[in-house]
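Letter by letter, the chains look like this.
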Amino acid sequence: MTSMRVLFITAELYPWVKSGGLGDVAAALPPALTAKGIDVRLLLPGFRGFLDAFPGITDVARLVTPFAAERVRIGLASLPGSKNLAYLVDHPPFYDRPGNPYGAPDGSDWPDNHRRFGLFGWAAAELARGADADWRPDLLHAHDWHVGLAPAYLAAARPKEGQVPTVFTVHNLAYRGVFPAAVFPELALPVAFFAMEGVEFFGMVSFIKAGLYYADHLTTVSPTYAREIQTPEFGCGLDGLLRSRSSVLDGILNGVDAKIWDPRHDATLPQPYGIEDAMAGKTAAKAVLQRRVGLEPLLNAPLFGVVSRLIPQKGLDLVLAGLPHLLASGGQLVLLGTGDEDLERGFIAAARQYGGRVAAEISYDETLAHLIIGGSDVILVPSRFEPCGLTQLYALRYGALPLVRRVGGLADTVVDATAASLSDGTATGFTFDDESPQALMAAVGRAVSLLRDGEIRRRMVRRAMTRDFSWDAAADAYTALYRSLCPGLAGPR
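Here goes a summary of the coordinates provided.

Rules and cut-offs
- Residues numbered from 1 in each chain as written.
- Predicted model: local features only at pLDDT ≥ 70, side-chain atom pairs only at ≥ 80, totals over all residues.
- Heavy atoms only, no water.
- Helix = DSSP H or I, 4+ residues; strand = E, 2+ residues; numbered from the N terminus.
- Buried < 20%, exposed > 50% of the residue type's maximum accessible area, 1.4 Å probe, protein only.
- Areas by Shrake-Rupley, 256 points an atom, 1.4 Å probe, with all protein chains shown as cover.
- Lys, Arg positive; Asp, Glu negative; His and termini not counted.
- Charge placed at Lys NZ, Arg CZ, Asp CG, Glu CD.
- Salt bridge = Lys/Arg side-chain N within 4 Å of Asp/Glu carboxyl O.
- Pairing = 2+ DSSP bridges.
- Contact = heavy atoms within 4.5 Å.
- Axes fitted to C-alpha atoms, helices over the stretch in contact; angles between N-to-C directions.
- Expected span 1.5 Å × (residues − 1).
- Arc of directions from axis to C-beta.
- Right-handed = clockwise from strand over helix to strand, strands pointing away.
- Phe/Tyr/Trp six-rings, centres within 6.5 Å; stacked < 30°, edge-to-face > 60°.
- Lys NZ or Arg CZ within 6 Å of the ring centre and 35° of its normal.
- Parallel < 35°, antiparallel > 145°, perpendicular 65-115°, else oblique.
- Left-handed = near helix turned anticlockwise from the far one by under 90°.
- Nonpolar A, V, L, I, M, F, W, Y, C, P; charged D, E, K, R; others polar.
- Core = buried A, V, L, I, M, F, W, Y, C linked by side-chain atoms within 4.5 Å.

**Side note on the overall build of the chain**
The helix and strand inventory of the chain stands at 18 helices and 18 strands. Overall size of the chain, expressed as C-alpha extent along the three principal axes, is 70 × 50 × 45 Å. Across the 493 residues of the chain, 58% fall into the buried class. Of the accessible surface of the chain, which amounts to about 18900 Å², a share of 53% is contributed by carbon and sulfur atoms. With 46 positive and 52 negative side-chain charges, the chain shows a separation of 3 Å between the mean positions of the two kinds.

**With respect to the pattern of salt bridges**
Applying the stated rule across the entire model yields 30 salt bridges. Taking the shortest distance from any N to any O, the salt bridge between R457 and D377 comes out at 2.8 Å. Of the two residues, R457 is situated in helix α17 (residues 454-466) and D377 in the loop between α12 (366-375) and β16 (378-381); the sequence distance between them amounts to 80 residues. Of the two residues, R457 and D377, both sit in the buried class. Across the salt bridge formed by R459 and E455, the nearest N and O atoms sit 3.8 Å from each other. Remark: E455 and R459 occur in helix α17; sequence separation between them is four residues, near one turn of the helix. Overall, the relative accessible area of 43% leaves R459 in the partly exposed class. Among the charged side chains, a network of salt bridges with common partners joins D59, R62, R73 and D90.

**Section: the sheet that holds strand β9 (residues 200-201)**
Sheet architecture is open: three strands sit in the order β8-β10-β9, paired in antiparallel fashion. For this open sheet the edge positions go to β8 (178-180) and β9, each flanked by a neighbour on one side alone. Alignment of β8 against strand β10 (residues 204-206), held across three bridges, turns out to be antiparallel. What sits directly across from P180, in β10, is M204. Relative to β10, helix α6 (residues 207-214) is tilted by about 60 degrees, and along the sheet it contacts β8, β9 and β10.

**Digging into helix α18 (residues 471-485)**
The end-to-end C-alpha distance of α18 is 21 Å, a good match for the 21 Å that 15 residues give at a rise of 1.5 Å each. All of the buried residues along α18 are W471, A474, A475, Y478, T479, L481 and Y482. On an axial view of α18, the arc spanned by its buried residues comes to 165 degrees, and they lie on one face. Turned more than 90 degrees away from the buried face of α18 sit A473 and S484, all of them exposed. Tucked into the core, α18 has its buried residues touching β1 (5-9), α1 (21-35), β6 (139-143), β7 (166-170) and β11 (217-220).

**Quick notes on the pairing of strand β13 (residues 303-307)**
Across the five residues that make up β13, a large majority, five, are buried. Both β13 and strand β14 (residues 332-336) contribute to a ladder of five bridges, which runs parallel. Pairing of V307 across the sheet is with L336, part of β14. After leaving β13, the chain enters helix α10 (residues 316-328) and then returns to the sheet as β14, a path that is right-handed.

**Considerations on the packing of aromatic side chains**
Overall, the coordinates contain 19 aromatic pairs when judged by the stated rule. Relative to F202, the ring of F201 has its centre 4.9 Å away and its plane inclined at 80 degrees; by these criteria the two rings are edge-to-face. On the basis of relative accessible area, F201 is assigned to the buried category, the value being 9%. Site record: aromatic cluster; members linked through ring pairs are W16, F47, F50, F54, F94 and Y95. Sitting over the face of the ring of W110, R97 holds its NZ or CZ atom 4.9 Å from the ring centroid.

**Comments concerning the environment of D250**
In this fold, D250 is placed in strand β12 (residues 249-251). Owing to a relative accessible area of 34%, D250 belongs among the partly exposed residues under this scheme. With 23 residues separating them along the chain, D250 and R227 place their C-alpha atoms 8.9 Å apart. For D250, the residues in contact, after removing those within four places along its chain, are H217, L218, T219, T220 and A226.

**Concerning the environment of L43**
For L43, the location among the structural elements is in strand β2 (residues 39-45). In this structure, the C-alpha to C-alpha distance between L43 and L85, residues 42 residues apart in sequence, is 8.9 Å. In this structure, L43 is in contact with L7, F8, I9, T10, Y87, L88, V89, F120, A123, A124 and L127, ignoring residues within four places of it in sequence.

**Quick notes on the packing of α1 against α18**
Viewed as axis vectors pointing N to C, α1 and α18 meet at an angle of 65 degrees, and their least axial separation amounts to 9 Å. The orientation of α1 relative to α18 falls into the category roughly perpendicular. Note on packing geometry: the crossing formed by α1 with α18 is right-handed. In this structure, α1 uses V25, A28, L29, A32 and L33 to contact α18, whose residues at the interface are W471, A475, Y478, T479 and Y482. Here the contact of α1 with α18 is composed, by residue class, of nine nonpolar, one polar and no charged.

**Observations regarding the packing of α10 against helix α16 (residues 437-451)**
Their axes nearest at 9 Å, the elements α10 and α16 cross at an angle of 45 degrees. Here α10 is positioned oblique relative to α16, judged by the angle of their axes. The two elements α10 and α16 meet at a crossing, and its hand is right-handed. For the pair α10 and α16, the contacting residues are L318, V319, A321, G322, L323, H325 and L326 in the first and P437, L440, M441 and V444 in the second. In terms of residue class, the contact of α10 with α16 is made up of nine nonpolar, two polar and no charged.

**Description of the nonpolar core**
The biggest cluster of nonpolar side chains holds 171 residues, and the ones touching the most others in it are L380 and L403. Those residues within four positions of L403 in sequence are excluded, and the remaining contacts are F304, V378, I379, L380, V381, P382, F430, F432, L440, A443, V444 and A447.

Shown next, in the form of structure tokens:
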């Protein structure tokens, strides 16, 4: 008797290769699915970060592909610290490069990304068709544009008998994998697939559109975002297609990896804490954080934290514009992140101008990220759009009250502190609607006012820390979806 087999296809996997939340999801969801009785294997590109970290990679197949003159190796390895196995598309000319997974050290995209990730999707389809004679998946679960072509390659394959269903998950629709139409002949897809009912997107090729059009079922990472992307405001030019497929589109919230984000067992905190001793633990973390980043040691000053990529999506220009108001209210700000050079320069200048009250760490430091989440009173997430968001989930778990714009997963996970929610004990943070510094700072003012009331703060912190955003609920939802698509495998086989 064997379990349902699912091939989980992702370009990122924490802690080895990560540029955003996809890597965190790929690290946490497969083990949660395994705990539900699903036999999950991952498929990863052969990035050096993976090849160096995974011991004992064995050959599964060497495939003749449309993308290389030589055969491409498919390897299989055990994931360190996990029960799961991972296939790797090991083709050094495509994947063993300096820089991040998608671009060169100078920040530009690799000009052959269409071929790099075309091969990745093609390899996924070949595994679905039996490239590993010892393990063939019952279902493919593909994530984001990097593997959007996998459902298209399966749709193009002959014969159709025995093909497996596909689930395609959108983690961020803004990243659509768009390339010039001239690259289409290099992708080894039927000519007819370059059409509105296919991979064509305003005269270009879009990998994410391929996934949205050809996959059997679509998911995204929160219920609100699933509704938003069907509108022109959030649909990135794909809202019409998404509305036409709304009957097979679901929003399933991401979760928090409790092995990594748990204040009770977090060695990066000076004093780990749980719900009962949260105020003492957070006070200790705040003191250490203020010393670490050079803020004045004012334990009664509301400390606002930001842990984020510095990109326009995250709305951090609103924070810069409203910063004088935040400081005038008596608050402090600590920011950790990298990204847009103008934003980096803006926060560095603010830290110089407001020394001791504003700190900006232009880097990514996992240890400091934990300390900011633990030591801040409020975590700012003023995103213009946010498919799910993980930062606010970490903040809730650590009793740092999230202040968020009411979009996407932020709307699904943070309960605004209103008279009604404070009265019934459900308030867990602060929200605002308008995309403006004024709306953000009005919410900051409400937060500062409420934080002065120790009893209200204690109740909100307690409620925030009791919210359950574990991966268990997401794994249940995905397991039910998989079984609905494979009715003949409703249980062990």
